[in-house]
Amino acid sequence: MSARLRLPRRLPRPAARAETTREPRVLVLDLTAAALLLAVSIIGFAPTFDSPQYLVAAIGGLALGLALAWAGARWRLGVLSLAGATIGAYVVFGGALALPHTTLLGVIPTLETLQQLALGTITSWKQLLTTVPPVAASDGHLVVPFILTLVGGVLTGSLALRARHGAWALLPALAVLIATILLGVAQPAAPLVQGIVFAVAGTVWLALRRAWDHDRAAVRVESAGASDAAAVHSSRTRRLVAGGIVLAVASAAGIATAAVATPPRYILRDFIVPPFDITDYPSPLQSFRGYMRDDADKTLFTVTGLPKDGRVRLATMDTYDGIVYNVSDDGAGSSSAFTPIRSNMSPGATGTAATLRIEIGDLSGVWVPDVGAVRDFTFDGPRASELARTTHFNDATGTAVAPAGLATGDAYTIDTLIPDLPSDTALADVPFAVLKMPKQTGIPEKIADIASKATASADTPIERARALESYLHTQGFFSHGLGDGIVSLSGHGANRITSLFGGDQMVGDDEQYAVAMALMATQLGMPARVVMGWHADEKHPQDGPTLTATGGNLHAWVEIAFQGYGWVPFDPTPDEDNKPNDQSTKPKANPKPQVLQPPPPAQQPADLPPAIAENRDQDEEQAADLSWLGPVLLYGGLTLGILLLLAAPFIVMGVIKGVRRARRRNAERTADRISGGWDELVDSAVDLRAPVAIGATRAESALVVGSTFDEPRVTQLATRADVDVFGPGDPAPEDVDAFWREVDEIVGQMRGSTTVWQRLRARLSVRSLRRSGWSWQAAGHAVAGTGRVVVARVRRGIRPRGTESSDD
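It should be emphasised that the depicted structure is a prediction, and the values quoted were computed from it without experimental measurement. Sequence positions are assigned chain by chain, starting from 1 and proceeding in written order. In view of the model being predicted, local features appear only for residues whose pLDDT reaches at least 70, and side-chain atom pairs are presented and counted only at 80 or more, with totals across whole chains, interfaces and linings using the full set of residues. Side-chain figures throughout are based on the complete set of non-hydrogen atoms in the structure, without hydrogens or water.

**Student:** Explanation requested: the overall build of the protein in the structure shown.
**Tutor:** Here a helix means four or more residues in a row that DSSP labels H or I, a strand means two or more in a row labelled E, and each is numbered from the N terminus. The number of helices and strands found in the protein is 25 helices and 18 strands. With 808 residues in all, the protein has 45% of them scored as buried. In this description, contact between two residues means that some pair of their heavy atoms is separated by no more than 4.5 Å. Nonlocal contacts in the protein, meaning residues at least 24 apart in sequence, comprise 78% of its contacts between residues at least 6 apart. Here the protein has roughly 39,300 Å² of accessible surface; of this, 61% comes from carbon and sulfur atoms. Only protein chains enter the accessibility calculation, which uses a 1.4 Å probe; a residue is then buried when its area is under 20% of its type maximum, exposed when over 50%, and partly exposed in between. Accessible surface area values rest on a Shrake-Rupley calculation with a 1.4 Å probe, where residue burial reflects the displayed protein chains alone.

**Student:** Which parts of the structure should I look at to understand the sheet that holds strand β17 (residues 554–562)?
**Tutor:** The strands making up a sheet associate through backbone hydrogen bonding, with each pair oriented either parallel or antiparallel. A pair of strands counts as paired when DSSP detects no fewer than two bridges linking them. Pairing is antiparallel across the open sheet formed by 4 strands, whose spatial order is β3-β15-β17-β18. The open sheet terminates on both sides in strands that have one partner only, identified here as β3 (312–317) and β18 (566–570). Across the sheet, the mean angle from the axis of one strand to that of its neighbour is 35 degrees, orientation sign disregarded. In terms of strand pairing, β17 meets β18 through 5 bridges, oriented antiparallel. Among the inter-strand pairings, Ile 560 is bridged to a residue of β18, identified as Val 568. In this description, a line fitted to the C-alpha atoms serves as the axis of each element, helices being fitted only across the stretch in contact, and the angle between N-to-C directions of two axes falls anywhere from 0 to 180 degrees. Across the sheet, helix α14 (residues 461–475) is in contact with β17 and β18; its angle to β18 comes to roughly 30 degrees. Sheet strands touched by helix α16 (residues 510–523): β15 (528–534), β17 and β18. Its angle to β17, the strand with the most contacts, is close to 15 degrees.

**Student:** What should I look at first to understand the confidence of the model for the protein in this one?
**Tutor:** The quantity called pLDDT is the predictor's confidence in a given residue, expressed from 0 to 100. Across the protein, the average pLDDT comes to 80, with 77% of residues at 70 or higher. Segment residues 1–20: pLDDT under 50, and 36 contacts once partners within four positions in sequence are set aside and those in other chains are kept. Here residues 583–624 is a poorly scored stretch, pLDDT under 50, and it has 67 contacts once near neighbours within four places are set aside; other chains count.

**Student:** Looking at this structure, I do not really get the packing of aromatic side chains. What am I missing?
**Tutor:** For any pair of aromatic rings, geometry is given as the distance between the ring centres together with the angle between the planes. Here the aromatic set is Phe, Tyr and Trp, taking the six-membered ring for Trp, and pairing holds for ring centres within 6.5 Å; pairs whose planes are under 30 degrees apart are stacked, those over 60 apart are edge-to-face, and all others are tilted. Applying the stated criterion across every chain, the model contains 12 aromatic pairs. Summarising the aromatic geometry, the rings of Phe 49 and Tyr 54 are spaced 5.3 Å apart at their centres and angled 5 degrees between planes, so their arrangement reads as stacked. Each member of the pair, Phe 49 together with Tyr 54, is buried. When the ring of Phe 301 is compared with that of Trp 534, the centres are 4.9 Å apart and the planes differ by 85 degrees; the resulting orientation is edge-to-face. Of the two residues, Phe 301 sits in strand β2 (residues 301–304) while Trp 534 sits in strand β15, which places them 233 residues apart along the sequence. The pair Phe 301 / Trp 534 is uniform in exposure class, with both members buried. Aromatic rings pair up to connect Phe 377, Phe 379, Phe 393 and Tyr 412 into one cluster. The ring of Trp 557 carries Arg 311 above its face, with NZ or CZ at 4.8 Å from the centroid. By the criterion adopted, a ring carries a charge over it if an Arg CZ or a Lys NZ lies within 6 Å of its centre and within 35 degrees of its normal.

**Student:** Got a minute to help me understand the sheet that holds strand β7 (residues 352–360) in this structure?
**Tutor:** With respect to topology, 5 strands assemble into an open sheet ordered β9-β12-β7-β2-β16, the strand pairing being antiparallel. In the strand order of this sheet, the two ends are held by β9 (373–380) and β16 (546–549), each with one partner. Each adjacent strand pair in this sheet contributes to an overall mean axis angle of 20 degrees, direction not counted. Direction of pairing for β2 relative to β7: antiparallel, over a ladder of 4 bridges. Pairing of Thr 302 across the sheet is with Glu 359, part of β7.

**Student:** What is the right way to look at the pattern of salt bridges in this model?
**Tutor:** Where charged atoms from two side chains of opposite charge come close, those side chains can pair. For salt bridges, the criterion is a side-chain nitrogen of Lys or Arg within 4 Å of an Asp or Glu carboxyl oxygen. Scanning all chains against the criterion turns up 29 salt bridges. Ionic pairing is found between Arg 664 and Glu 680, a salt bridge with its closest N-O pair at 3.0 Å. You can see Arg 664 sitting in helix α18 (residues 629–665) and its partner Glu 680 sitting in helix α19 (residues 670–687), a full 16 residues away along the chain. The class of Arg 664 is buried, set by a relative accessible area of 8%. What makes Glu 680 buried here is its relative accessible area of 9%.

In C-alpha cells form, the structure reads like this:
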C-alpha cells in the first residue's frame, strides 16, 4: 500500500471505561496513600541538603506526578502517552522547581535551564554523590529529588488508580525510598518514623480499599435483607479492628527492634569517588626559600578586592615529624580532608562578606590561593570547566587544591567571609580552644624549656601566645641567606631548628621562625598551626584593593585557636632590617645559598614547586594511566541503567505477550492451537486499536479486522478456523503450521499498514491482556506449560517448532 493507514487515537470502550471508573472517596484514598508513601522518601532527603528549599522541588515533583497519574487514569492514556507527558512536565516545570537560579523571574526556562535539565538526567546523580553533604540547592542538586518524586508519583499513582491489585503501587514507592537511602547520607533523618509511616500507610490503604470493595458488593445483600447487611457490616468492623491490632503490634515490634539494634547503613556515597589525598604531594613550606630565590620579582598572581592588611592563604600545615611541617592525615576534619568545591563551603564561618578576583601569573602547583573562609569558587579562563570539576576545598583550614595544577591565564572569583580579628583586650580572659590536634614528633628537646622561659611572666592565654611571638620577633635576626647576605640555611627540620636556638644569635626567615613558634606553642599545650601565604609588607605595599603576589612578599605565620574566636594569626619573624650585628657569622667566602631541606623519600626537593614528584614509581604511573576508567565506568553504568529503564516496558510486555503466544502455539490439542492462532491475530489487531467487540464470533471479528486494515484474507482465515475447530477430528500438525504462518503474515501486513508510533504503542498496549483476562498467575502457568512441552520434545529428539509428530 502506498499510503499508511492512520488509526484513530482512541476508540470508545464503554465496558472497559466502566471498570476503571472509581468512586470519589476511593480516588481520594488512592491519591492520598500514594502521596504519604512518597512523602516518607522526601523526609529522608533532609540531611542531604543544607536548607528546606529541596522541599519545593520534591513536593512539586510529587504533585506533578500524581496529577499526571490522575489524568492518565481519567483519560486512559497509554504508556507512551503518559511517558511523553511526564517528560513534558519535567522540561516545563523543572526550571521553576529544581533550577530557579537559571530561569527568568524564577519561572520561565532559559537555554541554560534546558541544558542543565537535559544533562541533569545523567550527571546530577554523580554530582550529588561526589559533593560533601549537606549540599547546596543552588548547585543543581535539586534535579535528583525532583526526578525521583516526579517519576515515583506517576508510577505509584498510576498503579494505585489503574491496577486491579493496588498492592503493585507499593513497588515504585519502595524503589524511591531505597533510592533516597542510597543517595543520602550515613546518618538518616528519622528511619524509625519513615518505616512506621510507610508500613501503616500501605496497610491502612489496602485494608480500606478491600473494605470498600466489600461495601459495593454488599449493596445487593442489603437489598435482600437487613440481617444479611448487618452481618456484612459486622464482618467489616471485625476486619478493621483486627487490622488495627496487627498494625499496633508491628509498630511496637519495630520500635523495640530499633532500640535494641541499629543495623549498618550502606550508601553509594561511600563507594563512588574516594576523597582527594593531598598527602601525595610535598609540603609547600619546603619550597619557601625557592620562591624567595627564583621568583622574588615575578608576578605569581594578583588579588583584586582585598581589604587593607588582608592575608592570602596558600597552605595550612598542622603536623610535624622532625623533617617537615605538613598537613596531617587524621581522617575527617583534618587538614588533609579535601572535598570537591560547592557553593555552601565553610558553613560555620562568620565575618565580613567580600568578593575577590584572583588572576594567576607565574604561580604553578596544586595549591590554590584564597582569602578568609571561602563560600564559593567561580572559575573562568580557558581551563574553567576543568578547574571547577577538579578543585577541592578543606573547610577546617580554608585551603584549596587543584590536582590539575594552576597555569598562567587561570582566573577565578571567590565569595568569602573575612574574619574579624579580635583585639588582645577582647581575648584577655579567653582560653585556648579545645581541639584535637595531630600528634607532633621529632621536636628538639630544648624547645619546651625555651618556651617555658619565654612565657614565665605571662598569665593569660593571649599573653603567653604574645610572649612567644615577642621573644622570637625581638631576640632573633632576619636573613634569607641569599646573595651576599648573612648565612641562613633553608629548611625547618629538627637540625635546622636546633641550630636556630643553639648559636650565639638566632638567624632565619619566616620559614624557621614560624615553625619554631608553632613547636614552642605546641609544647605549652596551645593549638597551633603554620600558614604559608602572602600579605603586604614595607617593601611590597598593597596597591589599594589590589595585592600583587611575588616571591618577595611571600610569608609564613602562626595561627593559634581561641575559644569562641577561632584562629588568630601571629607574626614571630623579625623585621627584615633587623640584621645580625656579629659579622663573624658571615663566612670567608660567599657560597651560593643551599637548599638543605631533606624531603621524605616520596617527596620532591625543597627548591621544586609543589607538584607531582618526578621520580614516581612505575606502579603509580600505571595507576595514573587508569584514572580515566572510573568516570567511564560510572557514566557508562548510568547510561546503561537509563537505557534499561527506558527499555523495561518493552521487555516486560514482550515477555508477557511472548509467553501468551507460546501457550497458544503449544496447546495440547491441535484444534486448540488453531483457536490460539486466531486469538493471536485478533489480539494483535486489538493492540493496534481495532474496535473488536468482546465476545464477538470469528466471523464478526474478521469483518471488523478486515475492514480496519483492508485485509480480505482475514475472513477466509476465520472460516478456515471454524472448520478446523468444529469439524470432525483434529487438524493435522501440518495444517496448524500453515495456519500460524498465515496468521504471522497477516499480522505483519497489519503492522506494516500503520505508523511507527502506532506500532510502538501496540507493543506496550495492555488492551488485549485486559480483553482476555490475562493475569500473572496465568503467565506463570503458561511458562511452566511451555517448559514442559519443550523438555518433552527435547527428550524425544524433536525440535520444538515446525516438526511436530502426529502423536502431538
